[in-house]
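If you want the building blocks of each chain, they are given just below.
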Amino acid sequence: MSSVMILKSLKKKPLQTTFISQSYTIKSVSRYVSTLILGEHEGGHVKQSSYSAITAARSISEQNSISLLLAGSGPSIHKAASHAASFHPSISQVLVADTDKLSHPLAEAWAELVHLVQKKGGYSHIIAPSNSFGKNVLPRAAALLDVSPITDVNDISGSQVYVRPIYAGNALCTVRYTGADPCMLTIRPTSFPVLHISSDSKWDAAPVSQVDLSTYSEDTLGKSRYLKHTSQDTERPDLGSARVVVTGGRALKSAENFRLLEKLAEKLGAAVGATRAAVDAGFVPNELQVGQTGKIVAPELYMAFGVSGAIQHLAGMRDSKVIVAVNKDADSPIFQVADYGLVADLFDVIPQLLEKLPQKK
Ligand SMILES: Cc1cc2nc3c(=O)[nH]c(=O)nc-3n(C[C@H](O)[C@H](O)[C@H](O)COP(=O)(O)OP(=O)(O)OC[C@H]3O[C@@H](n4cnc5c(N)ncnc54)[C@H](O)[C@@H]3O)c2cc1C
């Protein structure tokens with residue numbers, strides 16, 4: 001690596017844009033705030049993205065009364081509910097909708113459930129993570145409740161003022177919600193780190209209550225049918241929540257060459273990501289795509305190999321804490337967002353990294 005040039009660049013920050021009508025002023029409105037979080041669970045545990053939604057709810061108001069809604073059937077939902085009830089003192093209650101009709105997270109069935117729970121609970125806010133689950137369920141539930149949702153929120157400046165990216169993340173837009181309750185949001189989990197509390201803190205676990213499903217309408221349930229669930233069968237961390245991500249672009253040239261990146265990921269305990277060009281070329285499956293039409297990630301370390309840095313790709317990774325880019329072309333746009341840049345051939349760099357990095361224990 002001796003003959004390569006190292007670039008240190010200033011990260012370009014997205015433009016901050018405020019689209020608030022002049023007649024409004026930003027101030028926190030003092031009123032009773034209660035939030036329903038749409039929670040996802042797997043294997044008896046609530047997913048981290050749902051806990052990020054709790055952090056977002058706390059940003060709306062510290063006095064927020066937060067209810068976490070879980071749905072499904074069997075012992076795993078009760079295990080997840082019991083974990084969640086003692087996860088953080090800001091959780092006021094855990095609601096469990098225990099029915100076979102919700103064993104699989106079908107959007108229509110969930111939307112109907114949210115409609116029912118909102119009618120009973122009268123929450124001022126409803127929040128879901130901005131992932132396939134939240135993006136699927138929340139707009140449908142919003143339509144049933146006749147409100148307009150705000151999506152992809154990455155900052156909260158008051159109980160009704162939210163920041164969200166526009167133009168593929170090149171500008172941030174501040175919006176004020178002026179509609180009727182509930183104000184419905186999808187939030188970017190990477191922007192709201194999960195709240196942790198020291199293990200010696202003591203508080204009473206939140207109550208776990210069953211949702212009364214006697215009026216749960218099944219009318220909408222015939223519109224979609226559950227077929228099967230496939231998930232990444234890997235010991236590597238999940239791309240959406242990994243601390244380190246190594247991403248390859250079109251320059252990798254083949255699925256076989258992506259094995260190099262996988263070996264690097266194994267050494268670093270990282271998740272593997274890819275650009276859309278690499279996915280479209282069939283080097284890796286679609287679920288590894290990072291970007292505007294792929295996953296949004298914000299790891300501690302993002303390493304991009306042979307990635308040009310198209311705006312649609314940057315939209316999915318520019319919030320990463322440290323970005324390292326390796327590219328043959330010194331003028332490649334990826335260097336505008338990189339903290340550390342290496343102008344080099346990835347086929348020289350990756351084998352050297354593999355040789356020098358110790359095996360992860
Ligand atoms: C509506 C829409 C949505 C999109 N959504 C996404 C999205 O979600 N995610 C996404 O990634 N893209 C998305 N795209 C595509 C995006 O515009 C780019 O085409 C894509 O990101 C480019 O991928 P790439 O960087 O792998 O390929 P290229 O742009 O072809 O870049 C390859 C890079 O590799 C470098 N290189 C070549 N050989 C080597 C080598 N041996 N060593 C080191 N460097 C080398 C080159 O200098 C170049 O910079 C979208 C496009 C559209 C229109």
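Calculation criteria
Residues numbered from 1 in each chain as written. Predicted model: local features only at pLDDT ≥ 70, side-chain atom pairs only at ≥ 80, totals over all residues. Helix = DSSP H or I, 4+ residues; strand = E, 2+ residues; numbered from the N terminus. Contact = placed C-beta atoms within 7 Å. Core = buried A, V, L, I, M, F, W, Y, C linked by C-beta atoms within 7 Å. Buried ≥ 20, exposed ≤ 12 C-beta atoms within 10 Å, placed from the backbone. Near = placed C-beta within 6 Å. Nonpolar A, V, L, I, M, F, W, Y, C, P; charged D, E, K, R; others polar. Domains from an automatic or database assignment. Expected span 1.5 Å × (residues − 1). Pairing = 2+ DSSP bridges. Axes fitted to C-alpha atoms, helices over the stretch in contact; angles between N-to-C directions. Parallel < 35°, antiparallel > 145°, perpendicular 65-115°, else oblique. Left-handed = near helix turned anticlockwise from the far one by under 90°.

### A closer look at the overall build of the chain
Helix and strand counts for the chain stand at nine helices and 19 strands. Pairs at least 24 residues apart make up 70% of the contacts formed inside the chain by residues separated by at least 6 positions.

### Remarks on the nonpolar core
Within the largest apolar cluster, 55 residues are counted, with the highest numbers of intra-cluster contacts made by Ile37 and Leu69. Non-local contacts of leucine 69, meaning those with residues more than four positions away in its chain, are made with Leu36, Ile37, Leu38, Gly39, Leu95, Ala97 and Val117. Grouped together as the second largest cluster of nonpolar side chains are 42 residues, Val245, Leu288, Val307 and Ile334 included.

### Points about the site of the ligand
Around the ligand, the surrounding shell holds 28 residues, and the nearest of these are Gly249, Arg276, Ala277, Gly291 and Ser308. Those elements that place two or more of their residues in the shell around the ligand are helix H6 (276-280), helix H7 (311-314), strand E18 (322-327) and helix H9 (346-356). If you tally residues by element for the shell around the ligand, the top one is H6, at three residues. Each residue belonging to the shell around the ligand can be placed in one class, and the counts come to nine nonpolar, 14 polar and five charged.

### Comments concerning the domain arrangement of the chain
As assigned here, the chain comprises domain 1 (29-211) and domain 2 (244-356). Between the C-alpha centres of domain 1 and domain 2 the distance comes to 32 Å. In the side of domain 1 that touches domain 2, the residues fall into one nonpolar, three polar and one charged.

### A closer look at unusual backbone geometry
Cis geometry marks the peptide bond from aspartate 181 to proline 182; its omega dihedral reads 0°. Along the chain, the position of proline 182 falls in the loop between strand E12 (171-176) and strand E13 (183-187). Of note, aspartate 152 is a non-glycine position whose phi angle comes to about 60°, a positive value. Looking at the secondary structure, you find aspartate 152 in strand E9 (residues 150-153). For aspartate 152, a count of 19 C-beta atoms within 10 Å gives the class partly exposed.

### Remarks on helix H1 (residues 48-60)
Because each turn of an α-helix spans 3.6 residues, side chains separated by three or four positions end up pointing in the same direction. Between the first and last C-alpha of H1 there are 19 Å, a value that for 13 residues agrees with the 18 Å anticipated at 1.5 Å per step. All of the buried residues along H1 are Ser49, Ser50, Tyr51, Ser52, Ala53, Ile54, Ala56, Ala57 and Ile60.

### Looking at the sheet that holds E13
Taken in spatial order, the seven strands line up as E9-E13-E8-E3-E6-E7-E14 in an open sheet, and their pairing is parallel. In this open sheet, the two edge strands, each paired with only one partner strand, are E9 and strand E14 (208-210). Neighbour-to-neighbour, the strand axes of the sheet open up by a mean angle of 25°, direction not taken into account. Pairing of strand E3 (residues 34-38) with strand E8 (residues 125-129), which is carried by three bridges, proceeds in the parallel orientation.

### Considering the packing of helix H3 (residues 107-121) against helix H4 (residues 132-145)
When two helices pack together, you describe them by how their axes are tilted relative to each other and by the distance separating the axes. Two elements in contact, H3 and H4, have axes separated by 8 Å at closest approach and are oriented at 50°. Considering their axes alone, H3 and H4 lie oblique with respect to each other. Considering the relative orientation of H3 and H4, their crossing is right-handed. Contacts between H3 and H4 pair Ala107, Glu108, Trp110, Ala111, Val114, His115 and Gln118 from the former with Asn136, Val137, Arg140, Ala141, Leu144 and Leu145 from the latter.

### Comments concerning the packing of helix H5 (residues 255-268) against H9
Where H5 contacts H9, the two axes come as close as 10 Å, and the packing angle between them is 30°. If you check the angle between H5 and H9, you find them roughly parallel. In this structure, H5 meets H9 at a crossing whose hand is left-handed. Facing H5, whose interface residues are Leu260, Lys263, Leu264 and Lys267, H9 presents Ile350, Leu353 and Leu354. The class makeup of the residues in the contact of H5 with H9 is five nonpolar, no polar and two charged.

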